[in-house]
Amino acid sequence: MIFNYIRVSTVEQNTERQLRDVVCDRVYEEKISGKDTNRPQLQAMLSNIRFGDIVNIHEMSRLARNTRDLLNLVEDITSKGATIVFHKENLTFKGDGKQDPYQKMMMTMLGAVAELERSILLERQREGIAIAKAKGKYKGGKNKLSDEQVVELNTLHKQGIPIARIAKQFKITRPTVYSYLKDKM
C-alpha cells in the first residue's frame, strides 16, 4: 500500500500544497502541532504500515519538528520493511536494511536545521511579545467567548458544574475556563 501523510499545525492552515498529484491508496491527514509524535493520524498510519508499503511525506517538518523524533519515526517505519519518501528534500529511506549513510546524514542535518529554525522563530516571537507587553500594546489573543457566554460560564461554575463539562459545552479548553473564572474573581 502507498500512504500519504499530510500535516499542518492549525485548523486554519491549508493542506492542498502537500503531495499534490502523488497517487496513494490511503491519506492520513491532520491539523495538529508536530511538537511530539502523539498525533492520532500519525499513530494510525504507523499501526497500519506493513512490509513493502511506501509512505510519502511532503517535507520532513511535516513528519517531525525535532531531529530525535524524525530519526525515530524513520527508523520505526523502515524497521517494518516499509519505504519512506520525503518529496521536497528528495530523500528516500528503504526498509531493506541498506541505508545510504549520506542520505541519513542529510536527513539529520536538515532535521537539525529545521529544529533550529523553529526554535529561533519561537524565540523571536517571545521577544516581540515581551516588547509589545512592555509598551502596553499586547493584549493577548482574542476572546473565545462573548460577554453573554462568560456570564453563563460563571453561572454554571457557581452552580457546581464540573470545569470539564463547562469547557466541552463552550468548546474551549479547561485552562481557558479557569482563565475566564480568574478574570471575574
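See above for the structure.
1. Observations concerning unusual backbone geometry
Although it is not a glycine, Leu 19 adopts a positive phi angle of roughly 55°. On the basis of relative accessible area, Leu 19 is assigned to the buried category, the value being 7%. Unusually for a residue other than glycine, Asp 21 sits at a positive phi of about 65°. Among the secondary structure elements, Asp 21 is positioned in the loop between strand S1 (2-8) and strand S2 (26-31).

2. A few points about the packing of aromatic side chains
Per the counting criterion, the structure on display carries two aromatic pairs. Taking 5.5 Å as the distance between ring centres and 75° as the angle between the ring planes, the aromatic pair formed by Phe 3 and Tyr 28 counts as edge-to-face. A residue pair is termed long-range when its members are at least 10 positions apart, and Phe 3 in strand S1 and Tyr 28 in strand S2 qualify at 25 residues. Just as Phe 3 is buried, Tyr 28 falls in that class too. Look at Phe 86 and Phe 93: their rings are 6.3 Å apart centre to centre, the planes differ by 75°, and that puts the pair in the edge-to-face class. Like Phe 86, the residue Phe 93 is buried in the burial classification.

3. Brief notes about the packing of helix H5 (residues 147-158) against helix H6 (residues 163-170)
When two helices pack together, you describe them by how their axes are tilted relative to each other and by the distance separating the axes. Where H5 meets H6, the axes come as close as 10 Å, and the angle between the chain directions of the two elements is 155°. Taken together, the axis directions place H5 and H6 in an arrangement best described as roughly antiparallel. As H5 packs across H6, the resulting crossing turns out to be right-handed. Here Gln 149, Glu 152, Leu 153, Leu 156 and His 157 of H5 lie close against H6, whose contacting residues are Ile 163, Ile 166, Gln 169 and Phe 170.

4. Notes on a nonpolar patch on the surface
Nonpolar side chains collect at one region of the surface, where Tyr 102, Met 105, Met 106, Met 109 and Leu 110 lie side by side and expose about 490 Å² of accessible area between them. Along the chain, Tyr 102 falls in helix H4 (residues 101-134). Tyr 102 gets classed as exposed once you look at its relative accessible area, which sits at 62%.

5. Some thoughts on the nonpolar core
Core analysis: the largest hydrophobic core is formed by 22 residues, its most contacted members being Leu 63, Ile 84 and Phe 86. Counting only elements with at least two residues in this core, the list comes to S1, helix H1 (40-48), strand S3 (54-57), helix H2 (60-63), helix H3 (67-79), strand S4 (83-86) and strand S5 (91-93). It is H3 that provides the largest number of residues to this core, a total of four residues. With near-sequence residues (within four places) excluded, Leu 63 lies in contact with Tyr 5, Arg 39, Leu 42, Ile 57, Leu 70, Leu 73, Val 74, Ile 84 and Phe 86.

Cut-off values and rules
Residues numbered from 1 in each chain as written. Predicted model: local features only at pLDDT ≥ 70, side-chain atom pairs only at ≥ 80, totals over all residues. Heavy atoms only, no water. Buried < 20%, exposed > 50% of the residue type's maximum accessible area, 1.4 Å probe, protein only. Helix = DSSP H or I, 4+ residues; strand = E, 2+ residues; numbered from the N terminus. Phe/Tyr/Trp six-rings, centres within 6.5 Å; stacked < 30°, edge-to-face > 60°. Axes fitted to C-alpha atoms, helices over the stretch in contact; angles between N-to-C directions. Parallel < 35°, antiparallel > 145°, perpendicular 65-115°, else oblique. Left-handed = near helix turned anticlockwise from the far one by under 90°. Contact = heavy atoms within 4.5 Å. Patch = residues over 30% accessible without salt bridge, like charges linked within 9 Å, V, L, I, M, F, W, Y side chains within 5 Å. Areas by Shrake-Rupley, 256 points an atom, 1.4 Å probe, with all protein chains shown as cover. Salt bridge = Lys/Arg side-chain N within 4 Å of Asp/Glu carboxyl O. Core = buried A, V, L, I, M, F, W, Y, C linked by side-chain atoms within 4.5 Å.

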